[in-house]
Amino acid sequence: RLGPASTATHPLATAPVGSPSHNVDGFVREFLHELNTNQGVTLSASSLNDQYLALASTVKNYLMARWLETGLKTRAAKVKTVGYLSAEYLLGRQLDNALLASDLADIAEKGLELCGIDLADLRVQEVEPGLGNGGLGRLAACFIDSLATMDVPSIGYGIRYEYGIFRQTFVDGRQVEQPDTWLALGAPWEFPHPESAVQVHFGGHTERYADDGGQERTRWVPSWNVLAVPYNYMVPGYLNGRVNTLRLWSAQATKAFDLQIFNSGDYAQAVRAQTFAENISKVLYPEDSTPQGKELRLQQQYFFVAASLRDFIDHELEPGFDLHRLPERITFQLNDTHPVIAVPELMRILIDEHGFDWDEAWEVTRQCFDYTCHTLLPEALEVWPTELLGRLLPRHLEIIFQINDQFLSLVRQTYPGDEMLARRMSMISEHPERGVRMAFLATVAASRVNGVAELHSQLLRDKVLPDFSSLWPEKFTNVTNGVTPRRFVRLSNPLLSELITDTIGAGWLTDLERLKELEPYADDPQFRERFAAVKAANKHRLTDLLRARDGIDLPDGHLLDVMVKRLHEYKRQSLKLLHIVSLYEQVISGKISAADLTPRTVVFGAKAAPGYRMAKDTIHLINKVAAKVNAAPELEERLKIAFPANYNVTLAETLIPAADLSEQISLAGMEASGTGNMKFALNGALTIGTDDGANVEIRRLVGDKHFFLFGMDEPAVSALGAKGYNPGSCYEANPQLKATLDLILSGHFSDGDRHLFDSVVYNLLNQDRFMALADFQAYVDTQAKVEERYADQEAWTRSTILNVARTGYFSSDRSMRDYLQRIWHTSPML
Ligand code: GL2
């Protein structure tokens, strides 16, 4: 991978051989060639899957020359690369994005048509690589797209999980997880490079020895290792010729199996080592926003960062590069605490392998890392037991202890006599067991620490890491998240994109603030009509998809009210459910008539972590309520619930453009940012939301009139928590809330079983950590305001246009610009 062999004399050895010709004929030739030579079939004998795989290879071939050129150009320029270290990349389907980035969509469509193939039939063959849980993984995918589009040299590093996020099914309304076999029908977008595999070590012990100069040194004597095999993915920039790399590591046993044992007939024993090693990249941990303190997870984390650091130093830098200058060439972004073990790993490499002294190594390491925190939940911050770390990575634990000692002496020097403070800031926690607080280690090591929305960054400073932010105020900064408009506007909403281009001209896809130019058109009745027609068409597209995918029939003419995100108590799907049950209860008890309801369909999409009982019970309850509500004749078809299983990026791409109302109703101070909120606003949905995460900034930009704010803000939540919150008193004081909860408790939704949903309801009544009952009335009242606005379709459409026009700020291109300026201190390549 280092370039041409030095003895090659043929002129083509030093440059890529070039792409197939960029026209329909060239495309057809290439496609048929791929079908024949890669799939081994003729066109007439080919299956849809053959055709899809051949199409993917064809598109790859077009990108290939640019990818090779990008690598050569970047290495030759010797500029700084952004190394994005992330345990998750929730990529979504690749085909359309690659066609868009390489300007091949029309050519491919026409070429395939000549072959008697409909491109749309091939698109749906692709199984999305679900190598992430939710927002954090999707953010990583948006960021690498923007970096490529902005011509920034970057490598995304991660894990090639053999099974990504589970496929969700419902059985009697309960979530049942199925393995995600995304690789089963072929993986046409990846390039494995087994010859470039690197070894990753684990276990063993450390020992001291004297080097040749008599200097006392330490070395790690590991007891087992695995091979990390790189799989490269192309990350094409939008129409700019740059193709960056995403390098995902797959684990393989170093000795495939022990032949002697195999020959003796003990097959199981023979493959055990292989199974053990390969388990490391077998499955994605399906926990979202909360960590799983499992040994295998720590193995995964070290596995991918050790391989990535080794890869960068050995393969991306020229031989003999002086590692004292490493910060000139790389800046590693730590995507949450998952990759933080990279810090002691780099120290180990520099000290033990390259003979640096401690201070030199620390100086380099400090400059090479920055850290993004993505949470506010205290229980979501990873703490690894020292017992486990010491067993798996003994040298790293020693280094962490030493970093901590040095750090604590600085604390004691700065704040003499404040031993409590030193204890609070120690990277080593003592309870409930001795453990390493990875967020503290990251904060001490990183040059910059950032939160992911303004409010989050503020709370990060004030509540999560207050002592650190007093010590180093300049270290802390904010970069508000963003989403890539290529996938989440252009590809997912082609009709809106066309309308925008028609109205303000091209160029907005890489300069999203230009959407502002749409503002005056909000007052143009003709434009409003066209805008509303786009929304209507998107709803039809969704209706077709849900009918085919889930057998769900969406009624016509309803307000489409959408809540899609991971199932988590803090996100408060239960509050949305209480609203629905409350409407239903009022109709069936005759308090209001069905005619009073605004026709509304609520769409849920949510996966629950398999071990998260409350979340799974909530899914069950939603499905039970849906069954009852959808069948109730009293409602006269004016209230419906749709809960398609297995919400993923692919479904989001059709669902979001169709939505009228975006539900962003987390308890204030809990959602770090959210990125779904941005996607909805950019696609012309209005938000009902709390003052939380990036909602705050969305509301500020679109204006109070065009955002339905409700509920307590963060200071009010804190004050209520401090005063003592009693959800039972909300229940007693609010007859409608009481009637709503009583209906669930009566067994109405559970075939008379009064206890089926005790866990959910009694939790709300007795504990309600996320204060759903406290915000219930405000939520219901604000929903009434939503309905009022919706009744005036002109006013509604005007607001939705202003949402699109005013949310260009939330492009991930802008986020990347902020990282470049405030954190990485580098600029795009010229
Ligand atoms: C999250 C936050 O919960 C979410 O609010 C944020 O938008 C994303 C991206 O910054 O990160 N943190 C986290 O652990 N997950 C998230 O989605 N899984």
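Residues numbered from 1 in each chain as written. Predicted model: local features only at pLDDT ≥ 70, side-chain atom pairs only at ≥ 80, totals over all residues.

Asker: So what's going on with the overall build of the protein? Which residues, and what values?
Answerer: Looking only at helices and strands, the protein has 32 helices and 25 strands in total. Computed over C-alpha atoms, the radius of gyration of the protein comes to 28 Å, within 12% of the 28 Å expected from 2.2 N^0.38 for 830 residues, which places it in the range of a compact globule. On the principal axes, the C-alpha backbone points of the protein span a range of 90 × 75 × 65 Å. For the protein, buried positions account for 49% of its 830 residues. Put simply, 76% of the contacts in the protein that link residues at least 6 apart link residues at least 24 apart. (Helix = DSSP H or I, 4+ residues; strand = E, 2+ residues; numbered from the N terminus. Rg over C-alpha atoms; globule rule 2.2 N^0.38 Å. Buried ≥ 20, exposed ≤ 12 C-beta atoms within 10 Å, placed from the backbone. Contact = placed C-beta atoms within 7 Å.)

Asker: Explain the sheet that holds strand S23 (residues 661–664) residue by residue, including any values.
Answerer: Pairing is parallel across the open sheet formed by six strands, whose spatial order is S22-S21-S20-S23-S24-S25. Edge positions in the sheet fall to strand S22 (639–642) and strand S25 (708–709), since each has one partner strand and no second. Pairing between strand S20 (residues 559–564) and strand S21 (residues 600–605): six bridges, direction parallel. Bridge pairing in S21 places Val-564 opposite Gly-605. (Pairing = 2+ DSSP bridges.)

Asker: Which residues make up the nonpolar core, and what values go with them?
Answerer: Core analysis: the biggest nonpolar cluster contains 230 residues, and Ala-228, Phe-303, Ala-342, Leu-441, Val-625 and Leu-655 have the highest contact counts within it. Setting aside chain neighbours within four positions, we find Val-625 in contact with Leu-577, Ile-580, Val-581, Ile-641 and Phe-749. (Core = buried A, V, L, I, M, F, W, Y, C linked by C-beta atoms within 7 Å.)

Asker: Pulling in residues and values, what's your account of the pairing of strand S10 (residues 216–221)?
Answerer: In the sheet, strand S9 (residues 205–210) pairs with S10 via six bridges, with the strands oriented antiparallel. From the neighbouring strand, Ala-210 faces S10, where its bridge partner is Glu-216.

Asker: Describe unusual backbone geometry, and please don't skip the residues or the numbers.
Answerer: Note the cis peptide between His-431 and Pro-432, where omega equals 0°. Even without glycine at this site, Asp-151 takes up a positive phi of about 65°. When you line up the elements, Asp-151 lands in the loop between helix H6 (135–149) and strand S4 (154–159). You will see that Glu-636, though not glycine, has its phi angle at about 50°, which is positive. Mapped onto the elements, Glu-636 comes out in the loop between helix H22 (613–631) and S22. Its 13 C-beta neighbours within 10 Å are what place Glu-636 among the partly exposed residues.

Asker: Run through the site of the ligand, naming residues and quoting values.
Answerer: Lining the immediate surroundings of the ligand are 17 residues, of which Gly-135, Leu-136, His-374, Ala-672 and Ser-673 lie closest. Broken down by class, the residue content of the shell around the ligand amounts to four nonpolar, eleven polar and two charged. Each of two domains, domain 2 (78–92 + 128–168 + 189–480 + 818–824) and domain 3 (541–676 + 708–804), supplies a minimum of three residues to the shell around the ligand. (Near = placed C-beta within 6 Å. Nonpolar A, V, L, I, M, F, W, Y, C, P; charged D, E, K, R; others polar. Domains from an automatic or database assignment.)

What is shown is where atoms sit, not what they do.
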